[in-house]
2 protein chains.
Amino acid sequence: MNVEFINPFLTSLLNVMSTMAQMELVPEKPSLKKSDVARGDVSGLIGMVSEQAKGSLSITFDAALAIATMKGMVGEGPDEVNEEITDLVGEITNMVTGGAKRMLSEKGIEFDMATPMVVSGKEHTIHHKAKGPVVIIPLGSEHGKAYIEFSFDD
Amino acid sequence: MNVEFINPFLTSLLNVMSTMAQMELVPEKPSLKKSDVARGDVSGLIGMVSEQAKGSLSITFDAALAIATMKGMVGEGPDEVNEEITDLVGEITNMVTGGAKRMLSEKGIEFDMATPMVVSGKEHTIHHKAKGPVVIIPLGSEHGKAYIEFSFDD
């Protein structure tokens, strides 16, 4: 189940970042997360529920990349992660999940989205506790790294 | 909507901690979270979805309290937050939400739960991005503090 979700979530993240903030992220090779390799400063998290699948998604940003994303959108940004940034990361998480939901719906995979949460805190780590493996895709940029991670109950 | 959810979630947390780990938490006054007052070291987060309501819940622990909870359950625990602890916090989050779900179902309020996520990282903060106010309930213990927070789209 998890592997066929990679392209919809990845494509949706690249679209949202490019369209909203003229931010071109460079995806690295997806992998199954064996240990906690993704550390970042601000993360958006969202739960997904359907009869077919339950799971969770997170998008983790280095602080500098999240701030640069806001600058790309509105021309200016704060010096550190504040409520404007957590609002933005929550909105990005919602939009990315919504975009993937539409793409997966065309394949007959439906789910409902919960409301997003955002975590701020230097170099935190997200642990997805669904039963399936965790797919992690690192993304590079000139402003720092991002990671999209998701997992579904098999 | 949020206020009537206080007792089911709080009662469920107190039950789970007392039953699983003989850990008696002392709840303080619930409040609507105006700023980011809850900082902790390990948090369980879960999304909730229904036709009536969408929302998110988090339970945040000081590291010492999470470790003491594991010691209360199995007689021993690690010196710092590791995967055993994040598994335990994910399981507690699942059980607390499941208990509240049963209590709310008796009142005709139904929701489905996504899979839990756990964040580890020193003194991180959770921001719930549902549209309604965030209810936060601090809880004291001899080992440190916990916070249960939730929010639903109105």
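Conventions used here
- Position numbers for residues start from 1 in each chain and track the written sequence from start to end.
- Here the convention is simple: chains get letters from A, ligands get numbers from 1, in the order in which they are written.
- Where local features are concerned, this predicted model is filtered to residues with pLDDT of at least 70; where side-chain atom pairs are given and counted, the filter is 80 or more; whole-chain, interface and lining totals use all residues.
- Side-chain measures were taken over the full set of non-hydrogen atoms in the model, leaving aside hydrogen atoms and water.
- Put simply, DSSP marks the helices as runs of H or I at least four residues long and the strands as runs of E at least two long, and each gets a number from the N terminus on.
- Partly exposed residues are those whose accessible area sits between 20% and 50% of the maximum for their type, while under 20% is buried and over 50% is exposed, using a 1.4 Å probe and protein chains only.
- Note on definitions: a residue-residue contact is assigned when non-hydrogen atoms from the two residues lie within 4.5 Å.
- Aromatic pairing here means that ring centres of Phe, Tyr or Trp (its six-membered ring) are within 6.5 Å. Orientation follows from the plane angle: under 30 degrees is stacked, over 60 is edge-to-face, and everything else is tilted.
- The rule is short: NZ of Lys or CZ of Arg within 6 Å of the ring centre and within 35 degrees of the ring normal puts a charge over the ring.
- Within this document, salt bridges are pairs made up of a side-chain nitrogen of Lys or Arg and a carboxyl oxygen of Asp or Glu, the two lying within 4 Å of each other.
- Throughout, the accessible surface (probe 1.4 Å) given up by two parts as they are put together, summed over both, is called the buried area.
- In the analysis that follows, any N or O atom pair within 3.5 Å is treated as a polar contact, provided that within protein one partner can donate a hydrogen and the other can accept it, and provided that, for residues neighboring in sequence, both atoms belong to side chains.
- Here the nonpolar group is Ala, Val, Leu, Ile, Met, Phe, Trp, Tyr, Cys and Pro; Asp, Glu, Lys and Arg are the charged ones; every other residue, Gly included, is treated as polar.
- Pairing between two strands is assigned when DSSP locates at least 2 bridges connecting them.
- Values of pLDDT, the confidence the predictor places in each residue, fall between 0 and 100.
- Given a helix with a known number of residues, its expected span is that number minus one, times 1.5 Å.
- Angular values range over 0 to 180 degrees, each being the angle between N-to-C directions of two axes fitted as lines to C-alpha atoms, with helices fitted over their stretch in contact.
- Any angle from 65 to 115 degrees is called roughly perpendicular, while one under 35 is roughly parallel, one over 145 is roughly antiparallel, and all others are oblique.
- Crossings are sorted by hand: turned counterclockwise from the far helix by less than a right angle, the near helix makes the crossing left-handed, and turned clockwise it makes it right-handed.

**Student:** Any chance you could explain the environment of leucine 14 of chain B here in plain terms?
**Tutor:** Residues and elements named next belong to chain B. Here leucine 14 lies in helix α1 (residues 6-21). Using a relative accessible area of 25% as the deciding quantity, one classes leucine 14 as partly exposed. Look past the residues within four positions of leucine 14 in its chain and what remains in contact with it is Leu25, Pro27 and Leu139.

**Student:** How should the packing of aromatic side chains be read in this particular structure?
**Tutor:** Here a ring pair, both rings aromatic, is described through the centre-centre distance and the interplanar angle of the planes. Residues and elements named next belong to chain A. Per the stated rule, a full pass over the model turns up 8 aromatic pairs over all chains. Among the aromatic side chains, those forming a connected cluster through ring pairs are Phe5, Phe9, Phe150 and Phe152. The ring of phenylalanine 111 carries the charged tip of lysine 101 above its face, separated from the ring centre by 5.8 Å.

**Student:** I tried to follow the pattern of salt bridges on my own but got confused; where do I start?
**Tutor:** Oppositely charged side chains can pair when the atoms bearing their charge come close. Residue and element names in this part refer to chain A. Scanning all chains against the criterion turns up 6 salt bridges over all chains. When the shortest N-O distance is used, the salt bridge between glutamate 28 and lysine 145 registers 3.0 Å. Of the two residues, glutamate 28 is situated in the loop between β1 (26-27) and β2 (31-32) and lysine 145 in the loop between β7 (135-140) and β8 (146-152); the sequence distance between them amounts to 117 residues. Taking relative accessible area as the criterion, glutamate 28 reaches 37% and is therefore assigned partly exposed.

**Student:** In this structure, what is going on with the interface of chain B and chain A? I would like to understand it.
**Tutor:** Frequently, the measure chosen for interface size is the accessible area that the parts lose on association. Opposite the 30 residues of chain B that make contact, chain A presents 30 residues. Where chain B abuts chain A, roughly 2300 Å² becomes buried across the two surfaces, and 61% of that area is made up of carbon and sulfur atoms. Sorting the residues of chain B by area buried against chain A places Thr115, Met117 and Lys129 of chain B first, and these three jointly supply 29% of that buried surface. Between the two partners, chain B and chain A, sit 2 salt bridges. The salt bridge partner of aspartate 87 of chain A is lysine 129 of chain B, with a shortest N-O separation of 2.6 Å. One can count 16 residue pairs in polar contact (both at pLDDT 80 or more) joining chain B with chain A. It is strand β6 (residues 117-128) of chain B that contributes the most residues to the side of chain B that touches chain A, 10 residues altogether. For the side of chain B that touches chain A, the per-class residue count stands at 13 nonpolar, 11 polar and 6 charged. With 8 bridges joining them, strand β6 (residues 117-128) of chain A and β6 of chain B adopt antiparallel strand pairing. Among the inter-strand pairings, histidine 127 of chain A is bridged to a residue of β6 of chain B, identified as valine 118 of chain B.

**Student:** It is not clear to me how the confidence of the model for chain A should be interpreted in this structure. Could you clarify?
**Tutor:** Low-pLDDT portions of the prediction should not be read for the details of their coordinates. Residue and element names in this part refer to chain A. Averaged over all residues, the pLDDT of chain A equals 93, while 97% of them reach at least 70. When pLDDT is averaged over each element of chain A, β1 comes out on top at 98 and β2 at the bottom at 88. Complex prediction metrics read pTM 0.95 and ipTM 0.94.

**Student:** I tried to follow α1 of chain B on my own but got confused; where do I start?
**Tutor:** One turn of the α-helix equals 3.6 residues, which is why residues spaced by three or four share an orientation. Residue and element names in this part refer to chain B. Here α1 contains 16 residues, and its C-alpha end-to-end distance of 22 Å stays within 8% of the 22 Å for a straight helix at 1.5 Å per residue. Those residues of α1 not exposed but buried are Ile6, Pro8, Phe9, Leu10, Ser12, Leu13, Val16, Met17 and Ala21. Immediately beyond the C-terminal end of α1, within one or two residues, lies glutamine 22, with a positive phi of roughly 45 degrees.

**Student:** Help me out: how do you make sense of the packing of helix α2 (residues 63-74) of chain A against helix α3 (residues 83-106) of chain A in this one?
**Tutor:** Angle between the axes and distance between the axes: these two values describe a pair of packed helices. All names here are of chain A. The N-to-C vectors of α2 and α3 enclose an angle of 85 degrees; their axes lie 10 Å apart at closest approach. The orientation of α2 relative to α3 falls into the category roughly perpendicular. From α2, Ala66, Ile67, Thr69, Met70 and Met73 reach across to α3, where they touch Glu84, Ile85, Leu88, Val89 and Ile92. Its residues assigned to classes, the contact of α2 with α3 shows 8 nonpolar, 1 polar and 1 charged.

**Student:** Quick question: what am I supposed to make of the environment of glutamine 22 of chain B here?
**Tutor:** With respect to the helices, strands and loops of the structure, glutamine 22 of chain B is situated in the loop between α1 and β1 (26-27). Setting aside residues no more than four positions away along its own chain, glutamine 22 of chain B makes contact with Met17 and Gly72 of chain B.

**Student:** Please explain unusual backbone geometry as it appears in this structure.
**Tutor:** A negative phi angle characterises most non-glycine residues, just as the trans form characterises most peptide bonds. The phi dihedral of glutamine 22 of chain A is positive, around 50 degrees, even though this residue is not glycine. Exposure remark for glutamine 22 of chain A: the relative accessible area of 56% places this residue in the exposed category. Not every positive phi belongs to a glycine, and glutamate 123 of chain B is a case in point at roughly 55 degrees. Note that glutamate 123 of chain B resides in strand β6. Among the residues examined, glutamate 123 of chain B registers a relative accessible area of 46% and is labelled partly exposed.

**Student:** Where do I start with the packing of helix α1 (residues 6-21) of chain A against α3 of chain A in this structure?
**Tutor:** Residue and element names in this part refer to chain A. Contact pair α1 / α3: the axes reach a minimum separation of 8 Å and the direction vectors enclose 130 degrees. In terms of axis orientation, α1 runs oblique to α3. Where α1 crosses over α3, the handedness of that crossing is right-handed. Taken together, the residues of α3 that come into contact with α1 (itself represented by Pro8, Phe9, Thr11, Ser12, Leu13, Val16, Met17 and Met20) are Leu88, Ile92, Met95, Val96, Thr97, Gly99, Ala100, Met103 and Leu104. The residue inventory of the contact of α1 with α3, partitioned by class, reads 13 nonpolar, 4 polar and no charged.

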